Amino acid sequence: MVAVAAAVRLLTLGAYSPLPSALSDGITLAASVVIESLPFVFLGVVISIAVQLWVPTKIMDAVIPRRGIARRAVLSLLGVILPVCECGNVPLARGLMLRGFSVADSVTFLLAAPIVNPVTLVTTYQAFGWDDGILVSRLVGGFVIANLVGWLVSLHPEPERLLAPAWAAACAAAPSSRERATLARAAGMFRDEVSAMLPALFLGAAIAGIIQVAISRETLTGIGGHPVIGILALMVLAFVIAICSNVDAFFALSLASSFSPGALVAFLVFGPMIDVKMLAMLSTTFRVRALAGLTVLVALGALTIGLAVNLLV
(Lines give C-alpha, C1' and ligand atoms only; values in the text may rest on other atoms or scores of the structure.)
Protein backbone atom coordinates (compact mmCIF):
# COMPACT_ATOMS: atom_id res chain seq x y z
CA MET A 1 0.00 0.00 0.00
CA VAL A 2 2.81 2.41 0.91
CA ALA A 3 4.68 1.53 -2.31
CA VAL A 4 1.61 2.19 -4.44
CA ALA A 5 0.98 5.53 -2.74
CA ALA A 6 4.60 6.56 -3.24
CA ALA A 7 4.50 5.55 -6.91
CA VAL A 8 1.33 7.55 -7.52
CA ARG A 9 2.88 10.55 -5.82
CA LEU A 10 6.09 10.35 -7.85
CA LEU A 11 4.21 10.04 -11.12
CA THR A 12 2.23 13.19 -10.38
CA LEU A 13 5.08 15.39 -9.15
CA GLY A 14 5.49 17.06 -12.51
CA ALA A 15 1.81 17.33 -13.28
CA TYR A 16 -0.01 20.62 -13.17
CA SER A 17 -2.89 19.21 -11.10
CA PRO A 18 -2.41 17.47 -7.76
CA LEU A 19 -4.01 14.19 -6.76
CA PRO A 20 -7.81 14.34 -6.52
CA SER A 21 -8.71 15.28 -2.97
CA ALA A 22 -10.87 12.18 -2.47
CA LEU A 23 -8.03 9.86 -3.56
CA SER A 24 -5.51 11.73 -1.43
CA ASP A 25 -7.80 11.57 1.61
CA GLY A 26 -8.51 7.89 1.05
CA ILE A 27 -4.80 7.02 0.85
CA THR A 28 -4.04 9.09 3.94
CA LEU A 29 -6.84 7.53 5.98
CA ALA A 30 -6.00 3.98 4.92
CA ALA A 31 -2.29 4.50 5.63
CA SER A 32 -3.09 5.98 9.05
CA VAL A 33 -5.10 2.88 10.00
CA VAL A 34 -2.20 0.63 8.94
CA ILE A 35 0.45 2.70 10.74
CA GLU A 36 -1.67 2.85 13.91
CA SER A 37 -2.45 -0.88 13.88
CA LEU A 38 0.78 -2.49 12.70
CA PRO A 39 2.80 -2.26 15.95
CA PHE A 40 -0.07 -3.81 17.91
CA VAL A 41 -0.45 -6.62 15.37
CA PHE A 42 3.23 -7.49 15.73
CA LEU A 43 3.01 -7.24 19.53
CA GLY A 44 -0.07 -9.45 19.57
CA VAL A 45 1.66 -12.07 17.42
CA VAL A 46 4.71 -12.07 19.70
CA ILE A 47 2.59 -12.42 22.86
CA SER A 48 0.51 -15.14 21.20
CA ILE A 49 3.64 -17.15 20.37
CA ALA A 50 5.01 -16.66 23.87
CA VAL A 51 1.75 -17.93 25.39
CA GLN A 52 1.68 -20.95 23.08
CA LEU A 53 5.30 -21.97 23.54
CA TRP A 54 6.58 -20.80 26.90
CA VAL A 55 3.65 -20.49 29.33
CA PRO A 56 3.33 -23.87 31.08
CA THR A 57 -0.10 -25.48 30.99
CA LYS A 58 -0.10 -25.99 34.77
CA ILE A 59 0.20 -22.22 35.31
CA MET A 60 -2.77 -21.48 33.04
CA ASP A 61 -4.82 -24.24 34.69
CA ALA A 62 -4.02 -22.82 38.13
CA VAL A 63 -5.11 -19.28 37.19
CA ILE A 64 -8.06 -19.91 34.86
CA PRO A 65 -11.13 -21.87 36.04
CA ARG A 66 -11.77 -25.02 34.08
CA ARG A 67 -15.27 -24.37 32.74
CA GLY A 68 -18.34 -22.23 32.44
CA ILE A 69 -19.11 -18.64 33.27
CA ALA A 70 -16.26 -18.28 35.75
CA ARG A 71 -13.71 -19.35 33.13
CA ARG A 72 -14.92 -16.82 30.57
CA ALA A 73 -15.12 -14.08 33.21
CA VAL A 74 -11.45 -14.59 34.09
CA LEU A 75 -10.48 -14.74 30.41
CA SER A 76 -12.25 -11.43 29.80
CA LEU A 77 -9.93 -9.88 32.41
CA LEU A 78 -6.73 -11.06 30.72
CA GLY A 79 -6.49 -7.69 29.00
CA VAL A 80 -5.44 -6.28 32.38
CA ILE A 81 -2.10 -8.10 32.12
CA LEU A 82 -1.98 -8.21 28.30
CA PRO A 83 -2.89 -4.62 27.32
CA VAL A 84 -2.94 -5.07 23.55
CA CYS A 85 -5.49 -3.19 21.44
CA GLU A 86 -8.07 -4.96 19.26
CA CYS A 87 -5.66 -5.49 16.34
CA GLY A 88 -3.19 -7.39 18.49
CA ASN A 89 -5.94 -9.37 20.19
CA VAL A 90 -6.86 -11.20 16.99
CA PRO A 91 -3.57 -13.15 16.75
CA LEU A 92 -3.62 -13.61 20.53
CA ALA A 93 -7.13 -15.09 20.41
CA ARG A 94 -6.02 -17.35 17.57
CA GLY A 95 -3.11 -18.44 19.73
CA LEU A 96 -5.48 -19.36 22.55
CA MET A 97 -7.44 -21.57 20.15
CA LEU A 98 -4.25 -23.30 19.07
CA ARG A 99 -3.45 -23.79 22.74
CA GLY A 100 -6.73 -25.69 23.12
CA PHE A 101 -9.11 -22.99 24.34
CA SER A 102 -12.69 -23.25 23.11
CA VAL A 103 -14.23 -20.93 20.54
CA ALA A 104 -16.42 -19.37 23.25
CA ASP A 105 -13.38 -18.73 25.47
CA SER A 106 -11.45 -17.07 22.65
CA VAL A 107 -14.41 -14.92 21.55
CA THR A 108 -14.93 -13.71 25.12
CA PHE A 109 -11.29 -12.67 25.41
CA LEU A 110 -11.30 -11.14 21.93
CA LEU A 111 -14.25 -8.85 22.69
CA ALA A 112 -13.38 -7.90 26.27
CA ALA A 113 -9.63 -7.32 26.13
CA PRO A 114 -9.64 -4.09 24.03
CA ILE A 115 -11.81 -2.41 26.69
CA VAL A 116 -10.95 -4.19 29.93
CA ASN A 117 -7.30 -3.18 30.00
CA PRO A 118 -5.44 -0.47 31.92
CA VAL A 119 -4.33 1.60 28.92
CA THR A 120 -7.88 2.00 27.60
CA LEU A 121 -9.28 2.78 31.03
CA VAL A 122 -6.59 5.37 31.82
CA THR A 123 -7.10 7.20 28.52
CA THR A 124 -10.88 7.12 28.99
CA TYR A 125 -10.46 8.61 32.46
CA GLN A 126 -8.12 11.28 31.12
CA ALA A 127 -10.73 12.24 28.52
CA PHE A 128 -13.93 12.10 30.58
CA GLY A 129 -13.03 11.57 34.24
CA TRP A 130 -16.13 10.32 36.08
CA ASP A 131 -18.51 12.56 34.10
CA ASP A 132 -21.89 11.03 33.17
CA GLY A 133 -20.69 7.55 34.12
CA ILE A 134 -18.97 7.14 30.73
CA LEU A 135 -15.90 5.37 32.12
CA VAL A 136 -17.87 2.96 34.32
CA SER A 137 -20.44 2.30 31.58
CA ARG A 138 -17.69 1.50 29.11
CA LEU A 139 -15.94 -0.92 31.46
CA VAL A 140 -19.09 -2.69 32.65
CA GLY A 141 -20.66 -2.68 29.18
CA GLY A 142 -17.60 -4.20 27.53
CA PHE A 143 -17.35 -6.90 30.19
CA VAL A 144 -21.05 -7.79 30.05
CA ILE A 145 -21.31 -7.89 26.26
CA ALA A 146 -18.17 -10.01 25.89
CA ASN A 147 -19.38 -12.56 28.45
CA LEU A 148 -22.91 -12.60 27.08
CA VAL A 149 -21.69 -13.26 23.54
CA GLY A 150 -19.23 -15.87 24.83
CA TRP A 151 -22.07 -17.61 26.69
CA LEU A 152 -24.24 -17.64 23.55
CA VAL A 153 -21.36 -19.10 21.52
CA SER A 154 -20.90 -21.80 24.18
CA LEU A 155 -24.52 -22.87 23.60
CA HIS A 156 -23.81 -23.64 19.93
CA PRO A 157 -23.99 -27.42 19.43
CA GLU A 158 -20.92 -27.38 17.14
CA PRO A 159 -18.97 -24.18 17.81
CA GLU A 160 -16.11 -25.36 15.58
CA ARG A 161 -18.46 -24.82 12.62
CA LEU A 162 -18.23 -21.09 13.30
CA LEU A 163 -14.57 -21.18 12.26
CA ALA A 164 -13.28 -20.73 8.73
CA PRO A 165 -12.46 -24.18 7.29
CA ALA A 166 -8.76 -23.43 6.84
CA TRP A 167 -8.41 -22.19 10.40
CA ALA A 168 -10.39 -25.12 11.83
CA ALA A 169 -8.00 -27.46 10.02
CA ALA A 170 -5.01 -25.55 11.40
CA CYS A 171 -6.35 -25.89 14.96
CA ALA A 172 -6.92 -29.62 14.47
CA ALA A 173 -3.36 -30.05 13.17
CA ALA A 174 -1.73 -27.84 15.82
CA PRO A 175 1.50 -29.34 17.23
CA SER A 176 1.35 -30.87 20.66
CA SER A 177 2.31 -28.66 23.59
CA ARG A 178 4.93 -31.29 24.39
CA GLU A 179 6.84 -30.42 21.24
CA ARG A 180 10.04 -28.60 22.09
CA ALA A 181 9.81 -24.80 22.09
CA THR A 182 12.64 -23.35 20.03
CA LEU A 183 13.41 -19.99 18.49
CA ALA A 184 13.25 -21.59 15.03
CA ARG A 185 9.73 -22.82 15.73
CA ALA A 186 8.77 -19.39 17.10
CA ALA A 187 10.14 -17.70 13.96
CA GLY A 188 8.10 -20.01 11.75
CA MET A 189 4.95 -19.30 13.76
CA PHE A 190 5.63 -15.56 13.52
CA ARG A 191 6.02 -15.80 9.74
CA ASP A 192 2.81 -17.79 9.31
CA GLU A 193 0.70 -15.56 11.57
CA VAL A 194 1.96 -12.29 10.08
CA SER A 195 1.38 -13.68 6.57
CA ALA A 196 -2.24 -14.37 7.53
CA MET A 197 -2.88 -11.09 9.36
CA LEU A 198 -1.25 -8.44 7.18
CA PRO A 199 -3.26 -8.95 3.95
CA ALA A 200 -6.47 -8.77 6.01
CA LEU A 201 -5.24 -5.65 7.80
CA PHE A 202 -4.36 -3.92 4.51
CA LEU A 203 -7.74 -4.84 3.02
CA GLY A 204 -9.60 -3.60 6.08
CA ALA A 205 -7.63 -0.34 6.10
CA ALA A 206 -8.36 0.24 2.41
CA ILE A 207 -12.08 -0.37 2.96
CA ALA A 208 -12.05 1.98 5.96
CA GLY A 209 -10.41 4.69 3.85
CA ILE A 210 -12.94 4.29 1.05
CA ILE A 211 -15.92 4.38 3.40
CA GLN A 212 -14.64 7.44 5.25
CA VAL A 213 -14.26 9.30 1.96
CA ALA A 214 -17.71 8.20 0.77
CA ILE A 215 -19.52 9.01 4.04
CA SER A 216 -18.67 12.40 5.49
CA ARG A 217 -18.42 12.76 9.24
CA GLU A 218 -20.59 15.86 8.98
CA THR A 219 -23.45 13.67 7.77
CA LEU A 220 -23.17 11.50 10.88
CA THR A 221 -22.56 14.24 13.41
CA GLY A 222 -25.43 16.33 12.05
CA ILE A 223 -27.95 14.00 13.70
CA GLY A 224 -26.21 13.79 17.07
CA GLY A 225 -29.01 15.40 19.02
CA HIS A 226 -31.51 12.54 18.59
CA PRO A 227 -31.37 10.14 21.60
CA VAL A 228 -31.60 6.98 19.45
CA ILE A 229 -30.38 8.00 15.99
CA GLY A 230 -27.41 9.72 17.60
CA ILE A 231 -26.34 6.41 19.16
CA LEU A 232 -26.69 4.60 15.84
CA ALA A 233 -24.75 7.36 14.06
CA LEU A 234 -21.78 7.08 16.43
CA MET A 235 -21.83 3.29 16.17
CA VAL A 236 -21.59 3.62 12.38
CA LEU A 237 -18.80 6.15 12.83
CA ALA A 238 -16.93 3.78 15.17
CA PHE A 239 -17.28 1.00 12.61
CA VAL A 240 -15.99 3.20 9.80
CA ILE A 241 -13.04 5.04 11.31
CA ALA A 242 -11.54 1.89 12.91
CA ILE A 243 -9.59 3.85 15.52
CA CYS A 244 -7.49 2.11 18.18
CA SER A 245 -9.20 1.53 21.53
CA ASN A 246 -6.21 2.99 23.35
CA VAL A 247 -6.86 6.47 21.95
CA ASP A 248 -10.50 6.49 20.83
CA ALA A 249 -11.65 8.27 24.02
CA PHE A 250 -9.93 11.49 22.93
CA PHE A 251 -11.67 11.29 19.55
CA ALA A 252 -15.00 10.76 21.33
CA LEU A 253 -14.27 13.77 23.54
CA SER A 254 -14.29 15.98 20.44
CA LEU A 255 -17.88 14.86 19.81
CA ALA A 256 -19.13 15.37 23.37
CA SER A 257 -20.74 18.73 22.66
CA SER A 258 -22.87 17.28 19.83
CA PHE A 259 -23.82 13.81 21.13
CA SER A 260 -25.47 12.41 24.24
CA PRO A 261 -23.49 10.45 26.87
CA GLY A 262 -25.23 7.27 25.73
CA ALA A 263 -24.06 7.80 22.16
CA LEU A 264 -20.48 8.34 23.37
CA VAL A 265 -20.62 5.13 25.43
CA ALA A 266 -21.99 3.16 22.46
CA PHE A 267 -19.11 4.52 20.35
CA LEU A 268 -16.56 3.53 22.99
CA VAL A 269 -18.02 0.03 23.42
CA PHE A 270 -18.89 -0.95 19.86
CA GLY A 271 -15.78 0.34 18.07
CA PRO A 272 -13.15 -1.67 19.98
CA MET A 273 -15.16 -4.86 19.50
CA ILE A 274 -16.30 -4.56 15.89
CA ASP A 275 -15.06 -2.30 13.10
CA VAL A 276 -14.34 -2.71 9.41
CA LYS A 277 -10.67 -3.44 10.00
CA MET A 278 -11.45 -6.02 12.69
CA LEU A 279 -13.95 -7.84 10.49
CA ALA A 280 -11.37 -8.12 7.73
CA MET A 281 -8.84 -9.58 10.17
CA LEU A 282 -11.40 -11.88 11.78
CA SER A 283 -12.33 -13.27 8.36
CA THR A 284 -9.10 -15.26 8.58
CA THR A 285 -10.57 -17.12 11.56
CA PHE A 286 -14.39 -17.12 11.40
CA ARG A 287 -17.00 -17.83 8.76
CA VAL A 288 -18.90 -14.90 7.26
CA ARG A 289 -22.18 -15.98 8.88
CA ALA A 290 -20.50 -16.17 12.26
CA LEU A 291 -19.07 -12.67 11.84
CA ALA A 292 -22.49 -11.34 10.82
CA GLY A 293 -24.07 -12.83 13.92
CA LEU A 294 -21.25 -11.54 16.11
CA THR A 295 -21.68 -8.03 14.70
CA VAL A 296 -25.44 -8.05 15.31
CA LEU A 297 -25.06 -9.25 18.91
CA VAL A 298 -22.40 -6.68 19.78
CA ALA A 299 -24.36 -3.90 18.05
CA LEU A 300 -27.55 -4.75 19.99
CA GLY A 301 -25.55 -4.82 23.23
CA ALA A 302 -23.90 -1.45 22.56
CA LEU A 303 -27.24 0.09 21.56
CA THR A 304 -28.89 -1.20 24.74
CA ILE A 305 -26.11 0.20 26.93
CA GLY A 306 -26.26 3.54 25.16
CA LEU A 307 -30.02 3.79 25.64
CA ALA A 308 -29.68 2.83 29.31
CA VAL A 309 -27.07 5.55 29.89
CA ASN A 310 -29.29 8.15 28.22
CA LEU A 311 -32.20 7.16 30.47
CA LEU A 312 -30.15 7.23 33.68
CA VAL A 313 -27.99 10.29 33.10
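Residues numbered from 1 in each chain as written. Predicted model: local features only at pLDDT ≥ 70, side-chain atom pairs only at ≥ 80, totals over all residues. Heavy atoms only, no water.

Undergrad: Talk me through the overall build of the chain; I want residue IDs and the actual numbers.
TA: Tallying secondary structure elements over the chain gives 16 helices and 0 strands in all. Of all 313 residues assigned to the chain, the portion counted as buried reaches 49%. If you take every contact in the chain between residues at least 6 apart in sequence, the share linking residues at least 24 apart comes to 83%. Of the accessible surface of the chain, which amounts to about 14600 Å², a share of 70% is contributed by carbon and sulfur atoms. (Helix = DSSP H or I, 4+ residues; strand = E, 2+ residues; numbered from the N terminus. Buried < 20%, exposed > 50% of the residue type's maximum accessible area, 1.4 Å probe, protein only. Contact = heavy atoms within 4.5 Å. Areas by Shrake-Rupley, 256 points an atom, 1.4 Å probe, with all protein chains shown as cover.)

Undergrad: Which residues make up the packing of aromatic side chains, and what are the values?
TA: Tallied over the entire structure, the rule returns 3 aromatic pairs. Ring plane angle 20° and centroid distance 5.8 Å describe the contact between F251 and F267, whose orientation is recorded as stacked. Here F251 is found in helix α13 (residues 248–253), whereas its partner F267 is found in helix α14 (residues 261–273), with 16 residues between them in sequence. Over the ring of W167 we find R94; its NZ or CZ atom is 3.9 Å from the centre of that ring. (Phe/Tyr/Trp six-rings, centres within 6.5 Å; stacked < 30°, edge-to-face > 60°. Lys NZ or Arg CZ within 6 Å of the ring centre and 35° of its normal.)

Undergrad: Pulling in residues and values, what's your account of the pattern of salt bridges?
TA: All chains considered together, the criterion is met by 5 salt bridges. Among the salt bridges present, the one from R71 reaches D105, with a minimum N-O distance of 2.8 Å. Placement of the pair is R71 in helix α4 (residues 68–75) and D105 in helix α6 (residues 103–112), with a sequence separation of 34 residues. A relative accessible area of 14% places R71 in the buried class. You can call D105 buried: its relative accessible area is 6%. When the shortest N-O distance is used, the salt bridge between K277 and D275 registers 3.5 Å. (Salt bridge = Lys/Arg side-chain N within 4 Å of Asp/Glu carboxyl O.)

Undergrad: Please give an account of the environment of V153 that cites residues and values.
TA: Summarising the element assignment, V153 is placed in helix α8 (residues 134–154). For the pair V153 and L294, spaced 141 residues apart in sequence, the C-alpha separation works out to 9.3 Å. Apart from residues no more than four positions distant in its own chain, V153 is found in contact with V103, A104, V107, P159 and L162.

Undergrad: Outline the nonpolar core, listing residues and values.
TA: Judged by nonpolar contacts, the single largest core of 82 residues is most densely connected at F267 and F286. Once you skip the residues sitting within four places of it in the chain, F267 turns out to touch L234, L237, A238, I241, D248, F251, A252 and P272. (Core = buried A, V, L, I, M, F, W, Y, C linked by side-chain atoms within 4.5 Å.)

Undergrad: Please provide a residue-by-residue account of the environment of L232, values included.
TA: Following the sequence through the fold, L232 ends up in helix α12 (residues 229–241). Assessed through its relative accessible area of 39%, L232 is described here as partly exposed. Sequence separation of L232 and G306 is 74 residues, and the distance between their C-alpha atoms is 9.4 Å.

Undergrad: Help me get a handle on a nonpolar patch on the surface, residues and values and all.
TA: Taken together, the side chains of I69, L148, W151, L152, L155 and L297 define a hydrophobic patch exposed on the protein surface, amounting to about 560 Å² of accessible area. Counting residues per element, the nonpolar patch draws most heavily on α8, at 3 residues. The topology assignment puts I69 in helix α4. (Patch = residues over 30% accessible without salt bridge, like charges linked within 9 Å, V, L, I, M, F, W, Y side chains within 5 Å.)

Undergrad: Before we move on, could you go through α14 and cite the residues and values that matter?
TA: Taking 1.5 Å per residue as the helical rise, α14 with its 13 residues ought to reach 18 Å, and the 19 Å between its terminal C-alpha atoms agrees with that figure. Along α14, 13 of the 13 residues are buried, which leaves the element largely enclosed by surrounding structure. (Expected span 1.5 Å × (residues − 1).)

Undergrad: Would you mind going over the packing of α12 against helix α16 (residues 288–312) in detail, with residue names and values included?
TA: Relative orientation of the contacting elements α12 and α16 amounts to 135°, with a least axis distance of 10 Å. As the angle between them shows, α12 and α16 are arranged oblique. The handedness of the crossing between α12 and α16 is right-handed. Only A299, A302, L303, G306, L307 and N310 of α16 make contact with α12, whose side of the interface consists of I231, L232 and M235. Here the contact of α12 with α16 is composed, by residue class, of 7 nonpolar, 2 polar and no charged. (Axes fitted to C-alpha atoms, helices over the stretch in contact; angles between N-to-C directions. Parallel < 35°, antiparallel > 145°, perpendicular 65-115°, else oblique. Left-handed = near helix turned anticlockwise from the far one by under 90°. Nonpolar A, V, L, I, M, F, W, Y, C, P; charged D, E, K, R; others polar.)

Undergrad: Got a sec to walk through the packing of helix α5 (residues 86–98) against helix α9 (residues 165–172)? Specific residues and values, please.
TA: Taken N-terminus to C-terminus, the directions of α5 and α9 make an angle of 50°; their axes are 9 Å apart at the nearest point. When the axis of α5 is compared with that of α9, the two are oblique. Contacts from R94, M97 and L98 in α5 reach W167, A170 and C171 in α9. Split into classes, the residues belonging to the contact of α5 with α9 amount to 5 nonpolar, no polar and 1 charged.

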